[in-house]
Amino acid sequence: MKYFLTGTVIALIGVLMAYLMNDWSLVYIISGIVAGVALIWGVLALGTGKNKSTRTTSSEKRREKQQRVTKMRNWVLLAVPNIIAVIVNLFVIS
């Protein structure tokens with residue numbers, strides 16, 4: 001939940017800066033970059049893991065997979081509010 005709230009705060013900062021500067025393209029830049037980086041880190045977190053030869057039991061494999069999925073989910077939760085801010089800016093404001 002804290003990742004979603006962090007993403008929401010970043011999206012609100014981007015919208016506030018765009019409003020204060022009266023340049024709504026800043027929403028694309030700020031929220032778009034944050035969302036893109038978060039999604040890339042999410043994909044990379046899902047793909048990286050320990051060397052398979054160091055894992056000996058299936059419980060270690062399951063635990064490691066669960067940790068990777070949790071990291072990926074956290075990054076996606078950070079990206080969602082920023083993606084929403086970009087979409088709203090695209091269809092409503094612009």
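Given the structure is predicted, the values throughout are model-derived calculations rather than measurements.

### Looking at the packing of helix α2 (residues 25-47) against helix α3 (residues 58-93)
Then, number 1: Where α2 contacts α3, the axes come no closer than 8 Å and their chain directions differ by 160°. In terms of axis orientation, α2 runs roughly antiparallel to α3. Crossing of α2 against α3: the hand is left-handed.
Then, number 2: Considering only residue class, the contact of α2 with α3 consists of 19 nonpolar, 5 polar and 2 charged.

### Remarks on the confidence of the model for the protein chain
Then, number 1: Looking at the protein chain as a whole, the pLDDT averages 88, with 88% of positions reaching at least 70.
Then, number 2: Mean pLDDT across the elements of the protein chain bottoms out in α3 (90) and peaks in helix α1 (residues 2-21) (95).

### Here's the deal with the nonpolar core
Then, number 1: Core analysis: the largest hydrophobic core is formed by 5 residues, namely A11, A18, L26, V27 and A85.
Then, number 2: Counting residues per element, the ones that place at least two in this core are α1 and α2.
Then, number 3: Not counting the four nearest positions on each side in its chain, A85 is found in contact with A11, V27 and S31.

### A short note on the pattern of salt bridges
Then, number 1: This structure, assessed with the given rule, holds 1 salt bridge.
Then, number 2: Put simply, E64 and R68 hold a salt bridge, and the shortest N to O gap is 3.2 Å. Of the two residues, E64 and R68 are both situated in helix α3; the distance of 4 residues between them amounts to about one turn of the helix. By the burial criterion, E64 is buried, and R68 matches it.

Rules behind the numbers
- Residues numbered from 1 in each chain as written.
- Predicted model: local features only at pLDDT ≥ 70, side-chain atom pairs only at ≥ 80, totals over all residues.
- Heavy atoms only, no water.
- Axes fitted to C-alpha atoms, helices over the stretch in contact; angles between N-to-C directions.
- Helix = DSSP H or I, 4+ residues; strand = E, 2+ residues; numbered from the N terminus.
- Parallel < 35°, antiparallel > 145°, perpendicular 65-115°, else oblique.
- Left-handed = near helix turned anticlockwise from the far one by under 90°.
- Nonpolar A, V, L, I, M, F, W, Y, C, P; charged D, E, K, R; others polar.
- pLDDT = per-residue confidence, 0-100.
- Core = buried A, V, L, I, M, F, W, Y, C linked by side-chain atoms within 4.5 Å.
- Buried < 20%, exposed > 50% of the residue type's maximum accessible area, 1.4 Å probe, protein only.
- Contact = heavy atoms within 4.5 Å.
- Salt bridge = Lys/Arg side-chain N within 4 Å of Asp/Glu carboxyl O.

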